[in-house]
Amino acid sequence: LFAIFAFATCGGYSGGLRLSVDCANKSESDLNIDIDFAYPFRLHQVNFDVPTCEGKRREKLSLIGDFSSSAEFFVTIAVFAFLYSLAATVVYIFFQNKYRENNRGPLIDFIVTVVFSFLWLVSSSAWAKGLSDVKIATDPDEVLLLMSACKHQSNKCLPVHSPVMSSLNTSVVFGYLNFILWAGNIWFVFKETGWHSSGQRHPPDTMEKQSSSYNQGGYNQDSYGQAGGYNQPGSYGQVGEYGQSQSYGQSGPTSFTNQI
């Protein structure tokens, strides 16, 4: 879900800005200059016409910059992360035994999780820098500086509205959230691998060694397990509470022995 939100908010973006050029000669003015752009933000290919305020002649301009590499890299990582998550979910549910066979599945899952965590960090950072450059390149005040008509004080050039970048800001946030999610998942995937299981075998072995050495000591000697006293031929033995052995003859108890 986080991957879907990441590539949807970035890959599905389209926006625009509007400018106005009020020439000294009103008939040459253009008060609604719309400039639209979208993903993958190849702004140098976005062309628009503006008046020159010198007769009916108009000039053709374009925005500055190509930020498609960082945007496409970010969206690509998000799409592949979504596909891998979907495939892994199917394997976890329907092929659990196959997944754990020879410990190969958990090891592959662990390596892929580490790789995706790194790629999420790199792509999110690259796209955050790219988005900052997109905001500068599409700033109406910066675009007005490209127009020759705006260099004359007799003409009035004003921004009408700026592009809305809220969804692109959200995409960066989801990019870093995906990094935190995948990085935190490294530990849970690592617990499924044989490396974690082998590390857990040593404490039980140590306890067994201590137990065997403890039993070989003086606490399991026959002298502590033998019942002393004199038992008559017709007597019988009973073990009382707290490990006390009592021997009774035909007429009553004849001896007591405390055993440990």
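Analysis parameters
Residues numbered from 1 in each chain as written. Predicted model: local features only at pLDDT ≥ 70, side-chain atom pairs only at ≥ 80, totals over all residues. Heavy atoms only, no water. Disulfide = S-S within 2.5 Å. Helix = DSSP H or I, 4+ residues; strand = E, 2+ residues; numbered from the N terminus. Buried < 20%, exposed > 50% of the residue type's maximum accessible area, 1.4 Å probe, protein only. Patch = residues over 30% accessible without salt bridge, like charges linked within 9 Å, V, L, I, M, F, W, Y side chains within 5 Å. Areas by Shrake-Rupley, 256 points an atom, 1.4 Å probe, with all protein chains shown as cover. Salt bridge = Lys/Arg side-chain N within 4 Å of Asp/Glu carboxyl O. UniProt positions renumbered as here; feature names shortened; annotations may be inferred. Core = buried A, V, L, I, M, F, W, Y, C linked by side-chain atoms within 4.5 Å. Contact = heavy atoms within 4.5 Å. Polar contact = N/O pair within 3.5 Å; in protein donor to acceptor, adjacent residues only side chain to side chain. Pairing = 2+ DSSP bridges. Axes fitted to C-alpha atoms, helices over the stretch in contact; angles between N-to-C directions. Phe/Tyr/Trp six-rings, centres within 6.5 Å; stacked < 30°, edge-to-face > 60°.

1. Description of the state of the cysteines
By the definition in use, this model includes two disulfides. A sulfur-sulfur separation of 1.8 Å characterises the disulfide bridge that pairs Cys23 with Cys53. Here the disulfide of Cys23 and Cys53 is left-handed, its torsion about the S-S bond being about -70 degrees. Here Cys23, found in the loop between strand E1 (14-22) and strand E2 (30-38), pairs with Cys53, found in the loop between strand E3 (47-51) and strand E4 (58-62); they are 30 residues apart in sequence, far enough to count as distant. Grouping residues by exposure puts Cys23 and Cys53 together as buried. Numbered by order of appearance in the sequence, the disulfide-linked cysteines of the protein chain pair as 1-2, 3-4.

2. Section: a nonpolar patch on the surface
A surface patch of nonpolar side chains, amounting to about 680 Å² of accessible area, comprises Leu1, Phe2, Phe5, Val173, Leu177, Ile180 and Leu181. Contributing elements (two or more residues each) for the nonpolar patch: helix H1 (2-11) and helix H6 (166-190). With four residues, H6 is the largest single contributor of residues to the nonpolar patch.

3. What about the UniProt feature "transmembrane region" (unreviewed entry) in the protein chain?
Under the local residue numbering, the UniProt record ascribes the feature "transmembrane region" (unreviewed entry) to residues 73-95, 107-128 and 173-190. Structurally, residues 73-95 is divided into 96% helix and 0% strand, and its ends, taken at the C-alpha atoms, are 31 Å apart. Helix makes up 100% of residues 173-190 and strand 0%. Its end C-alpha atoms lie 26 Å apart.

4. Re the nonpolar core
Core analysis: the biggest nonpolar cluster contains 42 residues, and Ile35, Phe37, Phe41, Phe48, Trp120, Trp127 and Met147 have the highest contact counts within it. Those elements that place two or more of their residues in this core are H1, E1, E2, E3, helix H2 (68-94), helix H4 (104-137), helix H5 (140-144) and H6. If sequence neighbours within four positions are ignored, Phe48 has contacts with Ile33, Ile35, Glu59, Lys60, Leu61, Ser62, Leu63, Val143 and Met147.

5. So, the side chain of Thr9
Looking at the element boundaries, Thr9 is found in helix H1. One polar contact links the side chain of Thr9 to the main-chain carbonyl oxygen of Phe5, over a distance of 2.7 Å. Among the polar contacts made by the side chain of Thr9, one reaches the main-chain carbonyl oxygen of Ala6 at a distance of 3.1 Å. Excluding its chain neighbours within four sequence positions, the residues that come into contact with Thr9 are Ser167, Leu168, Thr170 and Ser171.

6. Examining the sheet that holds E1
Strand order in this open sheet of three strands is E2-E1-E5, and the pairing throughout is antiparallel. With partners counted over all chains shown, the strands left at the sheet margins are E2 and strand E5 (156-161), one partner each. Across this sheet, the average inter-strand angle for adjacent strands is 25 degrees, counted without regard to direction. Sheet topology note: the E1/E5 ladder contains five bridges and is antiparallel. Among the inter-strand pairings, Asp22 is bridged to a residue of E5, identified as Lys156.

7. As for the packing of aromatic side chains
Evaluation of the coordinates by the stated rule reveals 14 aromatic pairs. Here the aromatic cluster, defined as three or more aromatic residues joined through ring pairs, consists of Tyr13, Phe37, Tyr39, Phe41, Phe74, Trp120 and Trp127.

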